[in-house]
Structure formats: structure tokens, C-alpha cells
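Structural description and commentary
Take a look at the letters that make up each chain.
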Amino acid sequence: MTIGDIINQLSPDSFSIEPDRDIEIKDVYVSDLLSDVMANAGEGSLWITLQTHINIVAVASMKNMPAVILVNGRKPEGETVQKAASEGIALFGTDMHAFELAGRLYNMLHG
Amino acid sequence: MKLQKIIDTLEAVTLDSTTNTGLEVGWACATDLMSEVLYYAHENSLLLTGLVKPQVIRTAEIADIRVVVFTRGKEPDTETISLAKRKGITLLVTPLSLFTASGRLFSAGLQCCPYT
Amino acid sequence: MDHTRKIDGRFNLVGGDFTNAGEASTQLKKILQLRGVKDSYIRRASIATFEAEMNVIIYTPAGILRYDVDDESIKITVEDMGPGIEDIDLAMQEGYSTAPEWVREMGWGAGMGLPNMKKNSDVFRIDSAPGEGTTVKMIIYLNKGEQS
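Everything in this summary refers to the structure shown in the same document. In this text the structure is predicted, and so the values were computed from the model without any measurement.

A separate point is the overall build of chain A. The number of helices and strands found in chain A is 5 helices and 5 strands. Secondary structure of chain A in N-to-C order comes out as α-β-β-α-β-α-β-α-β-α. Against the globule reference of 13 Å for 111 residues, chain A gives a C-alpha radius of gyration of 12 Å, in line with a compact fold. Seen through its principal axes, chain A has C-alpha atoms that stretch 35 × 30 × 25 Å. Scored against the burial criterion, the 111 residues of chain A give a buried share of 56%. For chain A, the share of sequence-separated contacts (at least 6 apart) that also reach a separation of at least 24 residues comes to 48%. Carbon together with sulfur atoms contributes 45% to the accessible area of chain A, which is approximately 4,400 Å² in total. Computed over 7 positive and 15 negative side-chain charges, the inter-centroid distance for chain A is 2 Å.

Turning next to the interface of chain B and chain C. On the chain C side, the residues contacting the 22 residues of chain B number 28 residues. Together chain B and chain C conceal approximately 2,100 Å² of surface at their shared face, both sides included; 52% is due to carbon and sulfur atoms. Summed over the shared surface of chain B and chain C, the number is 4 salt bridges. Counting across the interface, chain B meets chain C through 13 residue pairs in polar contact (both at pLDDT 80 or more). Counting only elements with at least two residues in the side of chain B that touches chain C, the list comes to helix H2 (34-40), helix H3 (54-62) and helix H4 (78-87) of chain B. Of the residues belonging to the side of chain B that touches chain C, the class tally is 8 nonpolar, 5 polar and 9 charged.

Inspection of the entire model under this criterion finds 4 cavities of 30 Å³ or more. A volume near 80 Å³ is recorded for the largest cavity. Lining the largest cavity, in full, are Asp-32, Leu-50, Val-71, Asn-72, His-97 and Ala-98 of chain A together with Cys-29, Ala-30, Thr-31, Glu-36 and Tyr-40 of chain B. Taken together, the residues that form the lining of the largest cavity break down as 6 nonpolar, 3 polar and 2 charged.

Reading guide: rules and limits
Residues numbered from 1 in each chain as written. Chains lettered and ligands numbered in written order. Predicted model: local features only at pLDDT ≥ 70, side-chain atom pairs only at ≥ 80, totals over all residues. Heavy atoms only, no water. Helix = DSSP H or I, 4+ residues; strand = E, 2+ residues; numbered from the N terminus. Rg over C-alpha atoms; globule rule 2.2 N^0.38 Å. Buried < 20%, exposed > 50% of the residue type's maximum accessible area, 1.4 Å probe, protein only. Contact = heavy atoms within 4.5 Å. Areas by Shrake-Rupley, 256 points an atom, 1.4 Å probe, with all protein chains shown as cover. Lys, Arg positive; Asp, Glu negative; His and termini not counted. Charge placed at Lys NZ, Arg CZ, Asp CG, Glu CD. Buried area = accessible area lost by both parts, 1.4 Å probe. Salt bridge = Lys/Arg side-chain N within 4 Å of Asp/Glu carboxyl O. Polar contact = N/O pair within 3.5 Å; in protein donor to acceptor, adjacent residues only side chain to side chain. Nonpolar A, V, L, I, M, F, W, Y, C, P; charged D, E, K, R; others polar. 1 Å grid on protein atoms, 1.4 Å probe; cavity = no way out; pocket = protein on both sides within 12 Å on 5 of 7 lines; lining within 4 Å. Points joined across faces, edges and corners; volume = space filled by probe spheres on them.

As C-alpha cells, then:
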């Protein structure tokens, strides 16, 4: 599954940079607790969260995550968008709940 | 979806031997933020979460959630377990991540909580 | 139980007491169940009260939760001795939060508390000023027909 596949199949909103569509996503991590993501998310995974504040960018950056998807229609704060752009991290948004988004991405990865 | 199917799908263990495995669960919600549960979860929902604290049980009770699944093998402390017992809330622990647990249940046909 | 009788009461809330956080709301839930209030109203009242209770526990040293129930409505007032809210309009926006990291790590503080109280009450009023604490008043009308 590439970033391009996700964009094509789920049509998320894009808040930050235009990402490289060829980046391969091998794993996804769902969490709203930054310490949990820091401790347990795999390097380079895609992150699904409700959190919108600037600290998510630092966490995503440290974990070499190419993209973060915000769920439940959450919009990132202004400084989050700027920081994500400067760190080269794509920020997406969707109205889907985490459970459904995770379900669809799971099917794309393993289906 | 029957609780027994959820247990099997998630390779989960129950923390109470008296669990009614025939219980029917209508929807699922996956989050670590309790206000989100209170905002969206319908009664008879299943809550999947990585947050292992007594507050999760309080939230489940207020939102009429009967089953809570803790992910990544995180066992709650005895305080949380006894609170859940007193409130009649079933606790499951799965070794799977929140992503994989959600993915498997979604693929098995469990619906997401309605968006209202 | 005599359902025509008015009932009221209060709970004292202690800031930082996470062990008992939610207890006032669950006790109020039981009181409403004993009175025979319909589940859908109980659920809304419980959720609104729980959010208000958590705000007191998380952000303030102490507060008082008062309830007042009759055949017409459930009235809940939560008054705290906290720092007050700078910009109420902003605080009412879904997702807006000033919560520090430790609150978010506890599973709270994602900016849905006040919107949740408003969503679940028929009347929602909030009075607050920096340095003067916050008072939230919520009314849920009963016997309005089916509620989801």
C-alpha cells in the first residue's frame, strides 16, 4: 500500500505538503496518546489520531512517519500545519472514525 | 456480533470468568480519548482502547458500554478490574495493536459507531 | 417511589482526585434510574454531568455539583473555584483545548468536554471569567417524546 493508494481510495483532505505518492506504507498505528506512539509505533508507519496539536509533528518526525491522518473531522491547528510542512510530513484528515479508517486500511494492507 | 466471536477474532482473554460470551455487541469505537467515547459511542458499543485506567471504566459506565478491550496486551491494575466487576463491565485484553484489532473486527463485519 | 416529588442534592468535587472522578455522575445516574427516568434522558444527563465533573477534577482545586429533578426537567449546576476561562467562544469549539500533555495522556483534554455538555443538554449556560471560576448550568427537559 502506497500513500498514493490511500489518496486514491479514501480521498482524504490534505492540510500540509503534497506527499510523495510512491512511499510504501507497511504498517499503521492508531493512538491518541503521544507516549504510546513514542514507545510502541513502528518506524515509518502511518499514524491515525484525533490529536491536532503541534506535538504530534515532533512525535511523527522522531518515528520517521511520512504521514498522519486525523479522524472524526478534526482540523489541525495552524502551527501544526506549518511544522508538518517544514518537517516534510503529510497531514491528512477524514470524517471517518478511527475504527472504520483502521478497518479500511487493514483491508488495503491485508485484503 | 457475539462476544465469543470478538474474543476469538482478537485472540483475547477475559478478565472475569463469569463473562456472558453470548452478549451481542452492536458497534465498535476505537479511541484513547474519553470525551470522544462520550460524544460518539452508542449504548451497546464495544470500546477498543490503549488507555488502561479506571477512568475508562467510569466512561464506559456513563456511556452504557458493556465491553472494553485493552490492546497490546496491557493488563489493567486490580483497582480497574474490581471497578469493572462492580459496574458489570466486561474487560478483554488482546495482544493485538489497536490498528490490527480494529482491522480484524471491521473485516469480520463489526460496524463502526454511527456518526451522530 | 413517588415520582411527582422533587428531588435535589449536591456533591462536593475535589480537584485532582482521579480515583473518585466520575463517582458523583454515576451516583446521579443511579438516583435517576431509581426515580424511573427514561434511559435516553439518563444517558444525556450522565454524559453532560460526567464531562462537567471531569473538568473540575482536572482543572480546578474544588467544585460543587448540584442537581434538581422534577417531572419537567433535570437541572444540573456545576460551580468551580478554578482559574476561569479566558475565551468562552474558543473553548466551545470542538477540538480546542489548552490542556497540558499529562491531561491528554490521561485520555482527557482533547477539546470535546464543553461541546459534549452542550450536545447533551437542552439548555446550556456557562459563566466564567479569569480568576473567578466557572459555573455551568444545564437543563434536560423530560417528557418531550422519544429521544435518541
